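Secondary and tertiary structure notes
Next come the chains, spelled out residue by residue.
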Amino acid sequence: MPWWVWLILALFMLGMLIAGCVYAAVHGMRALHDVSKTGAQISERLGRMGEHDSSVQAPQRPISPNHCAWPRNATPTPMWRSSNAVNGARNAMRARGAAGPHSMTDSTDCL
(Lines give C-alpha, C1' and ligand atoms only; values in the text may rest on other atoms or scores of the structure.)
Protein backbone atom coordinates (compact mmCIF):
# COMPACT_ATOMS: atom_id res chain seq x y z
CA MET A 1 0.00 0.00 0.00
CA PRO A 2 1.24 3.50 -0.70
CA TRP A 3 2.19 5.77 2.15
CA TRP A 4 -0.76 8.15 1.63
CA VAL A 5 -3.30 5.29 2.29
CA TRP A 6 -1.66 4.65 5.66
CA LEU A 7 -1.82 8.37 6.38
CA ILE A 8 -5.57 8.49 5.57
CA LEU A 9 -6.23 5.40 7.74
CA ALA A 10 -4.25 6.83 10.67
CA LEU A 11 -6.03 10.20 10.42
CA PHE A 12 -9.40 8.44 10.21
CA MET A 13 -8.54 6.37 13.31
CA LEU A 14 -7.46 9.46 15.26
CA GLY A 15 -10.64 11.27 14.19
CA MET A 16 -12.81 8.37 15.39
CA LEU A 17 -10.95 8.22 18.72
CA ILE A 18 -11.44 11.96 19.25
CA ALA A 19 -15.12 11.76 18.21
CA GLY A 20 -15.67 8.83 20.63
CA CYS A 21 -14.04 10.71 23.48
CA VAL A 22 -16.17 13.80 22.79
CA TYR A 23 -19.33 11.65 22.59
CA ALA A 24 -18.51 9.91 25.89
CA ALA A 25 -17.72 13.22 27.61
CA VAL A 26 -20.95 14.88 26.43
CA HIS A 27 -23.13 11.97 27.49
CA GLY A 28 -21.20 11.57 30.75
CA MET A 29 -21.77 15.23 31.65
CA ARG A 30 -25.47 14.90 30.77
CA ALA A 31 -25.78 11.79 32.96
CA LEU A 32 -23.89 13.51 35.80
CA HIS A 33 -26.33 16.43 35.60
CA ASP A 34 -29.34 14.05 35.76
CA VAL A 35 -27.84 12.14 38.69
CA SER A 36 -27.16 15.37 40.60
CA LYS A 37 -30.79 16.48 40.09
CA THR A 38 -32.02 13.11 41.35
CA GLY A 39 -29.69 13.29 44.37
CA ALA A 40 -30.95 16.79 45.18
CA GLN A 41 -34.56 15.59 45.06
CA ILE A 42 -33.77 12.63 47.30
CA SER A 43 -31.88 14.74 49.85
CA GLU A 44 -34.68 17.34 49.90
CA ARG A 45 -37.31 14.64 50.55
CA LEU A 46 -35.18 12.97 53.22
CA GLY A 47 -34.69 16.37 54.83
CA ARG A 48 -38.44 16.89 54.94
CA MET A 49 -38.85 13.46 56.54
CA GLY A 50 -36.42 14.45 59.29
CA GLU A 51 -38.18 17.69 60.19
CA HIS A 52 -40.26 17.70 63.36
CA ASP A 53 -43.85 18.83 62.89
CA SER A 54 -45.11 20.49 66.09
CA SER A 55 -48.77 20.09 65.11
CA VAL A 56 -48.54 16.28 65.29
CA GLN A 57 -49.55 14.84 68.65
CA ALA A 58 -47.75 12.02 70.38
CA PRO A 59 -49.20 8.58 69.57
CA GLN A 60 -51.82 7.36 72.00
CA ARG A 61 -53.13 3.91 72.78
CA PRO A 62 -56.31 3.25 70.79
CA ILE A 63 -57.93 1.22 73.60
CA SER A 64 -57.25 1.52 77.27
CA PRO A 65 -56.16 -1.75 78.93
CA ASN A 66 -59.25 -1.72 81.22
CA HIS A 67 -61.71 -2.31 78.37
CA CYS A 68 -62.50 -5.57 76.67
CA ALA A 69 -61.23 -5.91 73.11
CA TRP A 70 -64.66 -7.12 71.87
CA PRO A 71 -67.86 -5.19 72.53
CA ARG A 72 -70.49 -7.36 74.20
CA ASN A 73 -72.84 -7.36 71.21
CA ALA A 74 -70.11 -8.09 68.67
CA THR A 75 -68.55 -11.27 70.05
CA PRO A 76 -67.50 -13.74 67.39
CA THR A 77 -69.48 -16.92 66.85
CA PRO A 78 -67.83 -19.86 68.60
CA MET A 79 -66.24 -22.36 66.23
CA TRP A 80 -68.48 -25.21 67.33
CA ARG A 81 -71.62 -23.24 66.40
CA SER A 82 -70.41 -22.39 62.92
CA SER A 83 -69.20 -25.95 62.24
CA ASN A 84 -72.56 -27.36 63.40
CA ALA A 85 -74.32 -25.04 60.94
CA VAL A 86 -72.09 -26.20 58.10
CA ASN A 87 -72.55 -29.85 59.00
CA GLY A 88 -76.32 -29.35 59.29
CA ALA A 89 -76.46 -27.80 55.82
CA ARG A 90 -74.34 -30.63 54.41
CA ASN A 91 -76.60 -33.24 55.99
CA ALA A 92 -79.69 -31.49 54.60
CA MET A 93 -78.17 -31.58 51.10
CA ARG A 94 -77.45 -35.28 51.45
CA ALA A 95 -81.02 -35.92 52.55
CA ARG A 96 -82.34 -34.12 49.45
CA GLY A 97 -80.04 -36.14 47.21
CA ALA A 98 -78.03 -33.09 46.13
CA ALA A 99 -74.69 -34.47 47.23
CA GLY A 100 -72.52 -32.88 44.56
CA PRO A 101 -68.79 -33.34 44.04
CA HIS A 102 -67.78 -32.00 47.45
CA SER A 103 -69.88 -34.34 49.53
CA MET A 104 -68.36 -36.74 51.99
CA THR A 105 -69.08 -40.24 50.68
CA ASP A 106 -68.19 -43.63 51.95
CA SER A 107 -64.69 -44.69 50.91
CA THR A 108 -66.06 -47.86 49.25
CA ASP A 109 -68.01 -45.74 46.74
CA CYS A 110 -64.76 -44.37 45.30
CA LEU A 111 -63.33 -47.79 44.35
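What counts and how
Residues numbered from 1 in each chain as written. Predicted model: local features only at pLDDT ≥ 70, side-chain atom pairs only at ≥ 80, totals over all residues. Heavy atoms only, no water. Helix = DSSP H or I, 4+ residues; strand = E, 2+ residues; numbered from the N terminus. Buried < 20%, exposed > 50% of the residue type's maximum accessible area, 1.4 Å probe, protein only. Areas by Shrake-Rupley, 256 points an atom, 1.4 Å probe, with all protein chains shown as cover. pLDDT = per-residue confidence, 0-100. Contact = heavy atoms within 4.5 Å. Salt bridge = Lys/Arg side-chain N within 4 Å of Asp/Glu carboxyl O. Patch = residues over 30% accessible without salt bridge, like charges linked within 9 Å, V, L, I, M, F, W, Y side chains within 5 Å.

**Description of the overall build of the chain**
- Per the secondary structure count, the chain includes 2 helices and 0 strands.
- The buried share among the 111 residues of the chain stands at 2%.
- Surface accessibility of the chain: about 10600 Å² in total, with carbon and sulfur atoms responsible for 66%.

**Some thoughts on the confidence of the model for the chain**
- On average, residues of the chain score 76 in pLDDT, and 59% of them are at 70 or above.
- Taken together, the stretch residues 106-111 has pLDDT below 50 and engages in 1 contact with residues farther than four places along the chain or on a different chain.

**Focus: the pattern of salt bridges**
- Summed over all chains, the structure comprises 1 salt bridge.
- One salt bridge in this structure joins E44 and R48, with 2.9 Å as the shortest N-O distance. With a gap of 4 residues between them, E44 and R48 both fall in helix 1 (residues 3-50), about one helical turn apart.

**Some words on a nonpolar patch on the surface**
- A cluster of nonpolar side chains, namely W3, W4, L7, I8, L11, M13, L14 and L17, defines an oily patch on the protein surface of about 920 Å² accessible area.
- Structurally, the position occupied by W4 is in helix 1.

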